[in-house]
Amino acid sequence: MKRRDFLQYSGMGALGAATASLVAGCGEEAPAVKFWQQGNYRPVDEEVTLTGLKVEGAIPPELTGLYVRNGSNSSTGPAEHFFGGDGMLHGVRLENGRASWYRNRYVDTPVYRKEAGGFGAPKPEDTTSAVSVLYHGGELMALGEFGYPYLIDPQDLSTKGPFNYDGKLPGNMTAHPRIDPASGELLFFGYDVMQPYMTYMRADAQGNMLQVEPVTMTGPSMVHDFAVTQNHVVFMEMPVRFSWMAALTGSALPFKWDDGAPCRFGVMPRTGTDADVKWFDIPPCFVFHIMNSFERGDEVIVDAARYDSLWVKNSHDFFHPARLTRFSMNLRTGHAGVEQLFDRAMEFPQVNRDYWTRSYRYGYSVAVDETNDSPERIAQAEGGLRRYDLQTGETDTFLTGPQQEVGEGLFIPAREHGGAEDEGYLATYLYDRHTQTSAFALFDATRLSAGPICKVPLPVRVPVGFHGLWLPDSALA
Ligand SMILES: [Fe+2]
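Residues numbered from 1 in each chain as written. Predicted model: local features only at pLDDT ≥ 70, side-chain atom pairs only at ≥ 80, totals over all residues. Heavy atoms only, no water.

Examining the overall build of the chain
Of the regular secondary structure elements, the chain holds three helices and 32 strands. For 477 residues, the compact-globule estimate of 2.2 N^0.38 gives 23 Å, and the chain sits close to it at 21 Å. With the C-alpha coordinates aligned to their principal axes, the bounding extent of the chain is approximately 55 × 55 × 45 Å. Going through the 477 residues of the chain one by one, you find that 59% of them count as buried. Sequence separation of 24 or more characterises 59% of the internal contacts of the chain that already satisfy a separation of 6 or more. Surface accessibility of the chain: about 18400 Å² in total, with carbon and sulfur atoms responsible for 48%. If the 41 positive side-chain charges of the chain are averaged to one point and the 59 negative ones to another, these points end up 2 Å apart. (Helix = DSSP H or I, 4+ residues; strand = E, 2+ residues; numbered from the N terminus. Rg over C-alpha atoms; globule rule 2.2 N^0.38 Å. Buried < 20%, exposed > 50% of the residue type's maximum accessible area, 1.4 Å probe, protein only. Contact = heavy atoms within 4.5 Å. Areas by Shrake-Rupley, 256 points an atom, 1.4 Å probe, with all protein chains shown as cover. Lys, Arg positive; Asp, Glu negative; His and termini not counted. Charge placed at Lys NZ, Arg CZ, Asp CG, Glu CD.)

Focus: the environment of Thr395
Along the chain, Thr395 turns up in strand β26 (residues 395–399). Separated by 45 residues in sequence, Thr395 and Phe440 place their C-alpha atoms 24 Å apart. Those residues in contact with Thr395, other than ones at most four positions away along the chain, are Phe342, Arg386, Arg387 and Tyr388.

Things to note about the coordination of the iron ion
Protein-derived ligands of the iron ion are His176 (NE2), His224 (NE2), His289 (NE2) and His467 (NE2), with the metal-ligand distances lying across 2.0 to 2.1 Å. Relative to the metal, the four donor atoms surrounding the iron ion lie at angles of 92 to 162 degrees, and the coordination shape comes out irregular. Donor residues for the iron ion, ordered by position in the chain, follow H-x47-H-x64-H-x177-H. Taken as a pair, His176 in the loop between β9 (159–162) and β10 (178–179) and His289 in strand β20 (residues 286–296) lie far apart in primary sequence, 113 residues in all. Comparing His176 with His289, the two get one shared label, buried. (Donors = N, O, S within 2.8 Å, 3.2 Å for Na, K, Ca; no water. Tetrahedral: all angles 85-135°; square planar, octahedral: opposite > 155°, others 65-115°.)

Remarks on the packing of aromatic side chains
Across all of its chains, the model carries 35 aromatic pairs by this definition. Both rings, one in Phe35 and one in Phe318, keep their centres 5.7 Å apart while their planes meet at 75 degrees; by these two values the pair is edge-to-face. Residue Phe35 is located in the loop between α2 (13–22) and β1 (49–50), and its partner Phe318 is located in the loop between β21 (299–307) and β22 (323–330); the two are separated by 283 residues in the primary sequence. In textbook terms, an aromatic cluster arises when at least three aromatic residues are bridged by ring pairs, as seen for Phe35, Trp36, Tyr41, Phe82, Phe83, Phe286, Phe288, Tyr307, Trp311, Phe318, Phe319 and Phe466. If you follow Arg178 out to its NZ or CZ, it ends over the ring of Trp356, 4.9 Å from the centre. (Phe/Tyr/Trp six-rings, centres within 6.5 Å; stacked < 30°, edge-to-face > 60°. Lys NZ or Arg CZ within 6 Å of the ring centre and 35° of its normal.)

Here's the deal with the environment of Pro196
Inspection of the secondary structure puts Pro196 in the loop between β11 (186–191) and β12 (198–203). Among the residues examined, Pro196 registers a relative accessible area of 38% and is labelled partly exposed. C-alpha separation for the pair Pro196 and Leu410, spaced 214 residues apart in sequence, amounts to 33 Å.

Looking at the pairing of strand β15 (residues 232–237)
Burial analysis of β15 places six of its six residues in the buried class, the great majority of the element. Here β15 shows no split at all, with His232, Val234 and Met236 on one side and Val233, Phe235 and Glu237 on the other all buried. In the sheet, strand β14 (residues 227–228) pairs with β15 via two bridges, with the strands oriented antiparallel. The residue bridging Ala227 from the neighbouring strand is Val234, located in β15. Relative to strand β18 (residues 264–269), β15 runs antiparallel, the two being bridged by six bridges. Across the sheet, residue Val233 finds its bridge partner in β18, namely Met268. (Pairing = 2+ DSSP bridges.)

Describing the sheet that holds strand β5 (residues 98–106)
Read from one edge to the other, the open sheet built from five strands follows the order β1-β5-β4-β3-β32, with strand pairing classed as antiparallel. Of all strands in the sheet, those bounded by a partner on one side alone are β1 and β32 (468–472). As defined by bridge partners, strand β4 (residues 87–95) adjoins β5 across eight bridges and the pair is classed as antiparallel. Bridging across to β5, His90 finds its partner in Asn104.

What to know about the sheet that holds β10
Read from one edge to the other, the open sheet built from four strands follows the order β10-β11-β12-β13, with strand pairing classed as antiparallel. Two strands lie at the open edges of the sheet, namely β10 and β13 (209–215), each paired on one side alone.

Thoughts on the pairing of strand β3 (residues 65–72)
Burial analysis of β3 places eight of its eight residues in the buried class, which makes it a mostly covered element. Bridge count for β3 against β4 is eight bridges, and the pairing is antiparallel. Across the sheet, the residue bridging to Ser72 is Gly87, located in β4. Across five bridges, the pairing between β3 and β32 is antiparallel.

A closer look at unusual backbone geometry
A cis amide bond, omega -10 degrees, links Gln195 with the succeeding residue Pro196. With a phi angle near 65 degrees, Leu157 is a residue other than glycine that sits in the positive phi range.

Side note on the side chain of Arg105
With respect to the element layout, Arg105 can be found in strand β5. Here Arg105 is buried and forms no salt bridge, its nearest opposite-charge partner Glu47 lying at an N-O distance of 5.1 Å. Setting aside chain neighbours within four positions, we find Arg105 in contact with Glu47, Val48, Thr49, Gly87, Met88, Leu89, Asp156 and Leu157. (Salt bridge = Lys/Arg side-chain N within 4 Å of Asp/Glu carboxyl O.)

Set out below in C-alpha cells:
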C-alpha cells in the first residue's frame, strides 16, 4: 500500500498524513532490493479473460466450481511494500473435467480507482482488499484485513461493492475468518491501531451479525489470524506492534517487533465476553497463520507457523523461517506449552476445512526454501508443497526444483460428504521461470511428491499472491 493509503485506512487520517509530510526526508531506509518487484513477485499489467484452455492430465470431473485466489498487484507502478498493491483475483472455472475460463480482475475499490483519501475521518471502504477470499451467507467476498470486505460476483469476478453486515461491522475485518463446518457460523475479528485494538464478531450461516465484542489488548499488535475450536476462540497478542515512530518516519507498513510487548494467547468461550478471556503468556514469537485448532480434554490446541521473531528492523524482512509448532493452553491449570512439531521451514498452512475446529490428522503447507535468506535470493528460491501426517510424523513433499514456483496449496475435498479426511486435492498456481507463464495445477493430496495430476497452462503470468478458495457450484445460494 502507498503510505498515503495506509494512513487513511489505519485510522490516522489527515493529522497523521500532515505530520508525516513534515518529517519527510528522515524516513526509514528503503531496502536496496525490493523483492516484490523481482521475478514473479512483479504485478501484471492487464486484466484478461481466457477461454479454450488446454488441460494436461485429467481434471477430476466431480470438481465443478470456481478456484479463486487473491493477491497484491499494484496498479500504480512499484508498491512501497509487498502487501501494498491493489487486490487482484485470479480465478479458474472447472466444469465436467474442463477448464472453461481463467480471468484476473482487480478488486474495484476507491483505492484502486484513486478516489480514496481527502481530509476528514478515514473511511473503511478505502482498502485494497488484497489478502483472501471468503464465501459465506451466500456471498463471495474479497478480504483485506483493513477496512470492509468487498462483494464479488463469482460468475465473472467483478466487484459488486463494499459489505458491512447491515452497518453492524464496526471497521476492519480480518482476512482469516473461520467457518464452523457444522453450524455454518462465521467467527472472526478485526484489529486496529486505535482503541478498541481488537473486536470479536460472530455471524450466523445466513450472514446476520450475532455479536460484536471489543476485547481488551495491551496495545496495537498486528493480528493476522485467529483460532476457533468447538467451544472457544483464541486471540493472538504478539510483539509485532504498530509504531507511531515508524509511521511518522515514512514506513510503508509501520509495524515493528517490540521487545517490551507481551506475547500471549487469549482464550474466550465463543459466546463469551471480554471479561471471560483467559490469557496465556508464552515465550516471544510471531505467527501469521494457524493450521488448525481443537480441544483435547482441558486443553485448547493451536497448530501454527511460528517465527522466532519478525520485523525487528522493519516490515520488509521476510527472510526467516517459520516452523509448524503446537501451542497448548490448559484451561484448568493455566499452563501454556510450546512444542515444535516439524523442523522444516514452512508457511501457508492448510487443512481439509471440514476439520476446522476439530481434531485432525493431515495438514498441508508451502515448503519454504531455507536458503532463501535475502531479497536477492528470492527469485531463485526453490519451494514446494508438503503434507504432514500428525499421527505418524511422516511428511510427503513435492519440490519445485529451480524452474518452478508454487503458492498456497488449497485443499479441495474430492467428495462433498463422507470422504476420508485426506481424500481430495491441493489447488495452486505454478509459475515457470523459463516461459514466464503460470498454470493452474491440482495435486492428489495423498501423493504430493508424485507431482500435479493435471495442469491448465495459461499464456499469462499469475504473480505470487496470498490466499485462495474453492467455491463448488453446489454451495452457491
Ligand atoms: Fe494470511
